[in-house]
Amino acid sequence: MVRTIDGTEALTADMTAWRRDLHAHPETAFEEQRTSDFVAEKLASFGLEVHRGLAKTGVVGLLRNGEGPAVAFRADMDALHIHEQTNLPHASRNPGRMHACGHDGHTAMLLGAARHLSAKPNFQGTIAFVFQPAEENEGGGRVMVEEGLFDKFPVDQVYGMHNWPGLEVGKIALRPGPIMAAYDIFELTLTGKGTHAAMPHLGTDTILAGTQIVNAWQTIPSRSVHPVDSAVVSVTQFHAGDTWNVLPATAVLRGTTRTFRKEVQDMVERRMGELAKAIAAGYGVEAELRYERRYPSTVNEAAATELARRAAAGVVGESGLDLDPMPSMGAEDFAFMLQQRPGCYVWVGAGPSDGGRNLHSPHYDFNDAVLPIGLSYWVRLAETVLPRAA
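Conventions and cut-offs
- Residues numbered from 1 in each chain as written.
- Predicted model: local features only at pLDDT ≥ 70, side-chain atom pairs only at ≥ 80, totals over all residues.
- Heavy atoms only, no water.
- Helix = DSSP H or I, 4+ residues; strand = E, 2+ residues; numbered from the N terminus.
- Rg over C-alpha atoms; globule rule 2.2 N^0.38 Å.
- Buried < 20%, exposed > 50% of the residue type's maximum accessible area, 1.4 Å probe, protein only.
- Contact = heavy atoms within 4.5 Å.
- Core = buried A, V, L, I, M, F, W, Y, C linked by side-chain atoms within 4.5 Å.
- Pairing = 2+ DSSP bridges.
- Axes fitted to C-alpha atoms, helices over the stretch in contact; angles between N-to-C directions.

Can you explain the overall build of the chain? Please cite residues and give values.
In terms of regular secondary structure, the chain is built from eleven helices and 16 strands. For 390 residues, the compact-globule formula gives about 21 Å, and the C-alpha radius of gyration of the chain, at 23 Å, lands near that figure. Expressed as a percentage of its 390 residues, the buried residues of the chain come to 54%. Within the chain, contacts between residues separated by at least 24 positions form 82% of all contacts whose residues are at least 6 apart in sequence.

Give me the lowdown on the nonpolar core, citing residues and values where you can.
The biggest cluster of nonpolar side chains holds 63 residues, and the ones touching the most others in it are F73, F129, F131, Y159, Y377 and W378. Among the elements that make up this core, the one with the highest residue count is helix α11 (residues 371–385) (nine residues). Each residue touching Y377, except ones within four places of it in the same chain, is listed here: Y159, M161, I172, A308, A311, A312, V315 and V346. The next biggest cluster of nonpolar side chains, apart from the first, holds 25 residues, and it includes V60, V130, M144 and A173.

For the sheet that holds strand β13 (residues 286–295), give the residues involved together with the corresponding values.
Sheet strands line up and pair through hydrogen bonds in the backbone, either parallel or antiparallel. With antiparallel pairing, four strands are arranged side by side in an open sheet as β10-β12-β8-β13. Pairing within the sheet leaves two strands with one partner each, and these edge strands are β10 (231–240) and β13. Going from strand to strand, the sheet's axes swing by 20° on average, the running direction of each strand aside. With nine bridges connecting them, strand β8 (residues 182–191) and β13 associate as antiparallel partners. Residue pairing for β13: D184 is matched across the bridge by R293. This element, helix α6 (residues 206–217), spans β8, β10, β12 (250–259) and β13 of the sheet and lies at about 155° to β8.

Set out below in structure tokens:
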């Protein structure tokens, strides 16, 4: 049974309005100017100390209530390059941009928490409400850390949250250790000798070499990774040739890998290079692999996860907790903050994911029924991780 905080009804109406306004005006990585202005104005109206400029459009609101420890709560603000197909009244007014991951809801819930806690600060210490840009692909969390987030706003712990389609509304999932995977990208360039398609013996076939490499890379998770570990190697692009009757001199393969442990990440990168070069050489082709590490694995610290569990149980009850969710091979740049400070990242149930209601779908819309649950979690978390006000 869900137990939301007092005053939820009025706050939910406001959060719904905020969320739908943000949804109608999505902005992508490092371009969240209107969103940043919206967040800063709300925080200032609640009486918080507002700081801007980290990672271009990031916003930090400080709420101080006496002496005590400090904690950071983080929400992401950016949208995706997707053409929305919901036909909702609050659908995107910015063509080719869409809040298809629920960051509009994350922002609204954290704003709601800031408003409630500023009016009823039942804690001692400081809360830094961190509104982060560019979570999708561009690493805004990394940039905020590199630009001194935790130097300018020293905190003892950091916490994050994401809505999770497929998890029932009224459920919260969390676990210590890895919960989201590391996310890397790669680009393999194959260079051979182009030739007429009718005379393949006069050239070296980059397409043939590339197809063999794609197949060989799939043996890395099954034959090079320990069976109890996890890894994914996905080739998502294969670009070669311009006409029907020419074997091209070059081919380019791109894609992504996902892992949880650094040792596995290191091994996957090494084996990809070894296999590509060996197979390419066998076909008389040169191979050059560019491998870029984007996001590390999102790893929850045990003690912080226990505090988050207690706060979540105060909202959804023990029966509403999933304490052993299967980690996701998706990635999250909140990981960069967790590398600097202990903390916990939770999933809040968003209901069924069928009918296009999954993350990154052009038919997705954040489930507003989650708003009072997320708000209540943030408030209970503040009261759990910080001392109660005297």
